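Structural description and commentary
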Amino acid sequence: MGKIEEIINQIKRLKKEKNAIILGHNYMDYSIQLVSDFTGDSYDLALKAMKTNTDIIVFAGVYFMAEQASALNPDKKVLSPDPNAGCSLSDSLDVKTLKQYKEMYPHAPIVLYINTSIYVKALADYIVTSSTAVKVVQKLNANTILFGPDANLANYIQQKVPHKRIIKVPPNGRCVVHANYTRQLVELARRKYPNAILISHPESPLEVLEASDFVGSTNQMIQYAKQSPYNEFIVATEIGMINALQINVPNKRFYPLVTTEACACARCPYMNMITLEKVKKSLEEEIYEVKVPQEIAQKAKEAFERTVKLLE
Ligand code: 13P
Ligand code: SF4
């Protein structure tokens, strides 16, 4: 038996012994997807975290995702395989800045992308994801909305909901992966793969989204590729997604807009910190438990539940 197979078997045994589940984001390495009970996008995984009845949740994703799962499940032990796995978007908005904007626009609802720290989320009225952001803004009974921290997603929402005013908080929050995509890269890829269509994540710059055939969250990309009449796709998102697409849609072909050979930026440095070994260690030693102060967790939970209700 190879080393990876051995670790996979150990993780599966530990999960049973400890009554644990592993939630794995779509960007995770293939080996982690093999031990995950559920893989999905950030919205789907947050909903799964809300519904689980196991004692332990290991969140194989970046830290804000584990924090969100912990806030939704204050009675459960939520473990992060590496608490240093941050997110450039989450790092771009702090409590002080958000409070300043709130003072400037006291009547505007605060709609925050899930890629934020739990302390920032505790100030939100609504917490959205790439799959829900446009719908939520459309449904809100308000004409001016504070939205952060992703400026690209804010531009996309503004384009889809032109009659409302989206104020970016901060003005320039960016994902270190998607910020690198350009129209020029799209043109090169289209020349290289003339039969492929372009599917993009809304964290990409507007010039890329405007050139795309489909825009959606990581889960929505899988659904779209499954039912699309096309067989080849250029994928404008983090390169781990190629694995998830290939696993879920095995009869079609997927090409990354940017490869790791062309630029290390194709892979999210934070998602990359979550390894199979760290997942095992986390479950075995029950480290690193994510602890969110009760009052903060409660506020973030309420904002998320309010959002889920709005979407029903
Ligand atoms: P999804 O919600 O589409 O999975 O995206 C999360 C993310 O961090 C994208 O970079
Ligand atoms: Fe954050 Fe970008 Fe990494 Fe997603 S891909 S976790 S938005 S840095």
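Residues numbered from 1 in each chain as written. Chains lettered and ligands numbered in written order. Predicted model: local features only at pLDDT ≥ 70, side-chain atom pairs only at ≥ 80, totals over all residues.

Under an unreviewed UniProt entry, the protein chain has the name Quinolinate synthase and belongs to Sulfolobus tengchongensis. What UniProt records for the protein chain under Subcellular location (unreviewed entry) is the sentence "Cytoplasm". Regarding the protein chain, the UniProt comment filed under Sequence similarities (unreviewed entry) reads as follows: "Belongs to the quinolinate synthase family. Type 2 subfamily." (UniProt positions renumbered as here; feature names shortened; annotations may be inferred.)

Section: the UniProt feature "binding site: iminosuccinate" (unreviewed entry) in the protein chain
Here the UniProt feature "binding site: iminosuccinate" (unreviewed entry) sits at H25, S42, Y113, I114, N115, S130, H201, P202, E203 and T218. Mapping S130 onto the fold places it in the loop between β6 (126-128) and α8 (133-139). Residue S130 is classed as buried on the basis of its 26 C-beta neighbours within 10 Å. If we ignore the near neighbours within four places in the chain, the residues touching S130 are D41, L153, H201, P202, E203 and S217. With respect to the helices and strands, T218 occurs in helix α12 (residues 218-227). Note on T218: 26 C-beta atoms within 10 Å, which makes it buried. The contact partners of T218, leaving out residues within four places of it in the chain, are N26, D41, H201, T237, M241 and A244. (Helix = DSSP H or I, 4+ residues; strand = E, 2+ residues; numbered from the N terminus. Buried ≥ 20, exposed ≤ 12 C-beta atoms within 10 Å, placed from the backbone. Contact = placed C-beta atoms within 7 Å.)

Concerning the site of ligand 1
Among the 13 residues in the neighbourhood of ligand 1, the closest are listed as D41, S42, S130, S217 and T218. Among the residues making up the shell around ligand 1, the classes are represented as two nonpolar, eight polar and three charged. (Near = placed C-beta within 6 Å. Nonpolar A, V, L, I, M, F, W, Y, C, P; charged D, E, K, R; others polar.)

Re the nonpolar core
Counting 98 residues, the largest nonpolar core has V58, A69, V111 and V279 as the members making the most contacts within it. At seven residues, helix α4 (residues 63-72) tops the list of elements feeding residues into this core. Dropping the residues within four chain positions of it, V279 is found in contact with I11, I22, I32, V35, V58, A60, P81 and I274. (Core = buried A, V, L, I, M, F, W, Y, C linked by C-beta atoms within 7 Å.)

Describing the sheet that holds strand β9 (residues 197-200)
The strand order β10-β9-β11-β12 describes an open sheet built from four strands, whose pairing is parallel. In this open sheet, the two strands that pair with only one neighbour each are β10 (214-215) and β12 (253-256). One ladder, built from four bridges, connects β9 with strand β11 (residues 232-236); its direction is parallel. Residue pairing across strands places I199 opposite V235, the latter belonging to β11. Relative to β12, helix α13 (residues 240-248) is tilted by about 175 degrees, and along the sheet it contacts β11 and β12. (Pairing = 2+ DSSP bridges. Axes fitted to C-alpha atoms, helices over the stretch in contact; angles between N-to-C directions.)

Thoughts on the UniProt feature "binding site: [4Fe-4S] cluster" (unreviewed entry) in the protein chain
Look at the UniProt record and you will see "binding site: [4Fe-4S] cluster" (unreviewed entry) annotated at C87, C175 and C268. Judged by maximum C-alpha separation, these annotated positions cover 182 residues in sequence but sit close together in space, the widest gap being only 9.0 Å. Mapped onto the elements, C87 comes out in the loop between β4 (77-79) and α5 (88-91). With sequence-adjacent residues up to four places away left out, C87 is seen in contact with V62, F64, N115 and Y270. Within the secondary structure layout, C268 lies in the loop between β12 and α14 (276-285). Looking at C268, the number of C-beta atoms within 10 Å reads 23, which means it is buried.

A few points about the sheet that holds strand β8 (residues 165-168)
Hydrogen bonds between backbone atoms are what pair the strands of a sheet, whose relative direction is either parallel or antiparallel. Pairing in this open sheet of four strands is parallel, and the strands run β6-β5-β7-β8 from one edge to the other. Looking at strand neighbours, the two that pair on one side only are β6 and β8, the edges of this open sheet. The average undirected angle you get between the axes of adjacent strands in this sheet is 30 degrees. The sheet contact formed by strand β5 (residues 110-113) and β6 spans three bridges and is parallel. Across the sheet, the residue bridging to Y113 is V128, located in β6.

Some words on the environment of K301
In this fold, K301 is placed in helix α15 (residues 294-311). On the basis of neighbour counts, which here come to 22 C-beta atoms within 10 Å, the residue K301 falls in the buried class. For the pair K301 and N143, spaced 158 residues apart in sequence, the C-alpha to C-alpha distance is 25 Å. Ignoring anything within four residues of it in the chain, the contact list for K301 reads A71 and L72.

A look at the domain arrangement of the protein chain
The domain architecture assigned to the protein chain consists of domain 1 (3-86 + 271-293), domain 2 (89-174) and domain 3 (178-266). Its C-alpha centre places domain 1 at a distance of 27 Å from the equivalent point of domain 2. Going through the elements one at a time, α3 (42-51) and α4 are the ones with two or more residues in the side of domain 1 that touches domain 2. It is α4 that provides the largest number of residues to the side of domain 1 that touches domain 2, a total of four residues. Classifying every residue of the side of domain 1 that touches domain 2 gives four nonpolar, three polar and two charged. (Domains from an automatic or database assignment.)

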